[in-house]
Amino acid sequence: PDELNYQGALKTNRQEIRYQDTLLVLDHSLYHETEDYELELEATDRAHGEKVFHQLLTDHEIPERETDNKIKRFFQARP
């Protein structure tokens, strides 16, 4: 325990919903006075999952972008 260095807390609230034969997941994370949202889609078939995901983004005018995972974003946001 003496060697541990507390870096802060990360709390994630997750909502999941079945959507067009996939699982749509919205994460709302809080850390270092930062609110972070992440939309994920899980599917058993990659082609179907990608089709549904891209259509969802298009329908709701959500830009697709590459992002680091939330743990890395947490450490990058340290005060």
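Residues numbered from 1 in each chain as written. Predicted model: local features only at pLDDT ≥ 70, side-chain atom pairs only at ≥ 80, totals over all residues. Heavy atoms only, no water.

(A) Focus on the pairing of strand 3 (residues 34–42). Across 9 bridges, the pairing between strand 2 (residues 22–31) and strand 3 is antiparallel. Note on strand 3: the bridge partner recorded for Leu24 is Leu41. (Pairing = 2+ DSSP bridges. Helix = DSSP H or I, 4+ residues; strand = E, 2+ residues; numbered from the N terminus.)

(B) Broad picture of the side chain of Asp27. Relative to the elements of secondary structure, Asp27 occurs in strand 2. In this structure the side chain of Asp27 is engaged in a polar contact, spanning 2.6 Å, whose partner is the side chain of Arg14. Excluding its chain neighbours within four sequence positions, the residues that come into contact with Asp27 are Thr12, Asn13, Arg14, Asp36, Tyr37, Glu38, Glu40 and Lys70. (Polar contact = N/O pair within 3.5 Å; in protein donor to acceptor, adjacent residues only side chain to side chain. Contact = heavy atoms within 4.5 Å.)

(C) Local environment of a nonpolar patch on the surface. A cluster of nonpolar side chains, namely Leu10, Ile71 and Phe75, defines an oily patch on the protein surface of about 240 Å² accessible area. Within the element layout of this structure, Phe75 appears in helix 2 (residues 70–76). (Patch = residues over 30% accessible without salt bridge, like charges linked within 9 Å, V, L, I, M, F, W, Y side chains within 5 Å. Areas by Shrake-Rupley, 256 points an atom, 1.4 Å probe, with all protein chains shown as cover. Salt bridge = Lys/Arg side-chain N within 4 Å of Asp/Glu carboxyl O.)

(D) Quick look at the nonpolar core. Counting residues in hydrophobic clusters, the biggest one holds 6 residues: Leu24, Leu41, Val52, Phe53, Leu56 and Leu57. The element contributing the most residues to this core is helix 1 (residues 46–59), with 4 residues. If sequence neighbours within four positions are ignored, Phe53 has contacts with Leu39 and Leu41. (Core = buried A, V, L, I, M, F, W, Y, C linked by side-chain atoms within 4.5 Å. Buried < 20%, exposed > 50% of the residue type's maximum accessible area, 1.4 Å probe, protein only.)

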